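Structural features, examined
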Amino acid sequence: MSAVNPFTFSAAFITFFSVVGPPKVLLSFAGLAQVHPIRQLRTIALLSSGAAVLVGLVAGITAPWLLDLFHISTPALQLAGGVIFFIYAVGLVLGVHLGSDGTHQDTPDTVSGLRELLMPYVVSPLAMTAVLIEAAAREGVGWRATAVGAYVTVIALDLVCVLLLARLLRRTHHGTIELFGRLLGLLLAAVGVDLFLDGLSELGVPGLDRH
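None of the values given here were measured: they were computed from a predicted structure. (Residues numbered from 1 in each chain as written. Predicted model: local features only at pLDDT ≥ 70, side-chain atom pairs only at ≥ 80, totals over all residues. Heavy atoms only, no water.)

1. Description of the overall build of the protein
Worth spelling out the cut-off: Counting from the N terminus, the helices are the DSSP runs of H or I reaching at least four residues and the strands are the DSSP runs of E reaching at least two. For each residue, the accessible area found with a 1.4 Å probe, counting protein chains only, is set against the maximum for its type, and the residue is called buried under 20%, exposed over 50%, and partly exposed in between. For this analysis, residues touch if any pair of their heavy atoms sits within 4.5 Å.
Looking only at helices and strands, the protein has nine helices and zero strands in total. For the protein, the succession of helices and strands along the chain, N to C, is α-α-α-α-α-α-α-α-α. Counting across all 211 residues of the protein, residues that qualify as buried make up 42%. Across the protein, every contact between residues at least 6 apart in sequence was considered, and the portion connecting residues at least 24 apart equals 84%.

Okay, here's the thing in structure tokens:
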């Protein structure tokens, strides 16, 4: 089998799209768009996307060594990832913004915008957990390159969406942002549960044969 299989790339792409794709990232940027000028918002998008790619590349390529260093098994990572996804999703559904104080400065600048995006986007626990899980799912540099490629593709898609929709995000009502955030939370909750069940299945729990 080829190391870069379009079906495995598609599976990784869908995983990353679910946890750090345009629906989630646009919600993160929509809050900033209310107080940042368009040009500044685009600068923040470019810088944060570059940082997200850099962190994702390092995490994806070094995933096996990171897991070995901390003595973490793949099932344990799946269980922890499922819990993280679910907790974050419940926060979205209930309107609780985890990883952010939900406030904006009166005189916003590029640095403050990047700081607000640090946890929800640049080093998102959801995204980094997904990168580690996908990169460690199979052996070989080829698969890790495929997983990282899928992640970078999603980040590039996020950036394009933000750049194209920056003006629309600035005009989006806060209530609309909250509504879409809660709908996204329902989807992420399902992803978290499914990932948790995958971890239990890997551990050999009876009745959870998901292969």
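2. Some words on the nonpolar core
Short version of the rule: Among buried residues, those of type Ala, Val, Leu, Ile, Met, Phe, Trp, Tyr and Cys that are joined through side-chain atoms within 4.5 Å constitute a nonpolar core.
Phe-16, Val-20, Phe-29, Tyr-121, Tyr-151 and Leu-188 are the most contacted members of the largest nonpolar core, which totals 52 residues. With 11 residues, helix α8 (residues 141–171) is the largest single contributor of residues to this core. Once residues lying within four places of it in the same chain are set aside, the contact partners of Val-20 are Val-25, Tyr-121, Ala-127, Tyr-151, Val-154, Ile-155 and Asp-158.

3. Let's talk about the packing of aromatic side chains
This is how it is decided: In summary, the pairing rule links any two rings of Phe, Tyr or Trp, Trp by its six-membered ring, whose centres are within 6.5 Å, and it sorts them by plane angle into stacked for under 30 degrees, edge-to-face for over 60 and tilted for everything else.
Applying the stated rule across the entire model yields two aromatic pairs. When the ring of Phe-16 is compared with that of Tyr-151, the centres are 5.5 Å apart and the planes differ by 75°; the resulting orientation is edge-to-face. Note that Phe-16 is positioned in helix α1 (residues 6–20) and Tyr-151 in helix α8, a separation of 135 residues in sequence. According to the relative accessible area criterion, Tyr-151 is buried, its value standing at 1%.

4. Some remarks on the packing of helix α2 (residues 22–33) against α8
Condition: Note on geometry: axes are C-alpha line fits, over the in-contact stretch for helices, and angles between N-to-C directions span 0 to 180 degrees. Should an angle fall under 35 degrees it is called roughly parallel, over 145 degrees roughly antiparallel, and 65 to 115 degrees roughly perpendicular, with every other angle called oblique. Crossing chirality is assigned from the near helix's rotation relative to the far helix, an anticlockwise turn below a right angle marking it left-handed and a clockwise turn marking it right-handed. Under the convention adopted here, Pro, Cys and the residues Ala, Val, Leu, Ile, Met, Phe, Trp and Tyr are nonpolar, Asp, Glu, Lys and Arg are charged, and Gly plus all remaining residues are polar.
Following both chains from N to C, one finds α2 and α8 inclined at 40°, their axes separated by 10 Å at the closest point. Classified by the angle their axes make, α2 and α8 are oblique. In this structure, α2 meets α8 at a crossing whose hand is right-handed. Seen from α2, the contacting residues are Pro-22, Val-25, Leu-26, Phe-29, Ala-30 and Ala-33; seen from α8, they are Leu-157, Asp-158, Cys-161, Val-162, Leu-165, Leu-169 and Arg-170. When the residues that make up the contact of α2 with α8 are grouped by side-chain class, the tally is 11 nonpolar, no polar and two charged.

5. What about a nonpolar patch on the surface?
For clarity, the threshold we go by: Each patch is assembled from residues with relative accessible area greater than 30% and no salt bridge, linking like charges that lie within 9 Å and nonpolar side chains (Val, Leu, Ile, Met, Phe, Trp, Tyr) that lie within 5 Å. Each accessible area value is a Shrake-Rupley result obtained with a 1.4 Å probe; residue values ignore everything except the protein chains displayed when judging cover. The rule for a salt bridge is simple: a side-chain nitrogen of Lys or Arg has to be within 4 Å of a carboxyl oxygen of Asp or Glu.
Together, Phe-86, Val-90, Leu-94, Val-96 and Val-193 make up a nonpolar patch on the protein surface, roughly 410 Å² of accessible area in all. No other element matches the three residues that helix α5 (residues 74–94) contributes to the nonpolar patch. For Leu-94, the location among the structural elements is in helix α5. On the accessibility criterion, Leu-94 (59% relative accessible area) is exposed.

6. Here we look at the environment of Val-123
With respect to the secondary-structure elements, Val-123 resides in the loop between α6 (110–122) and α7 (125–135). For Val-123, a relative accessible area of 26% corresponds to the partly exposed category. A C-alpha to C-alpha distance of 6.5 Å links Val-123 and Ala-52, two positions 71 residues apart in sequence. Here Val-123 is in contact with Val-55, Leu-118 and Met-128, once residues within four sequence places are set aside.

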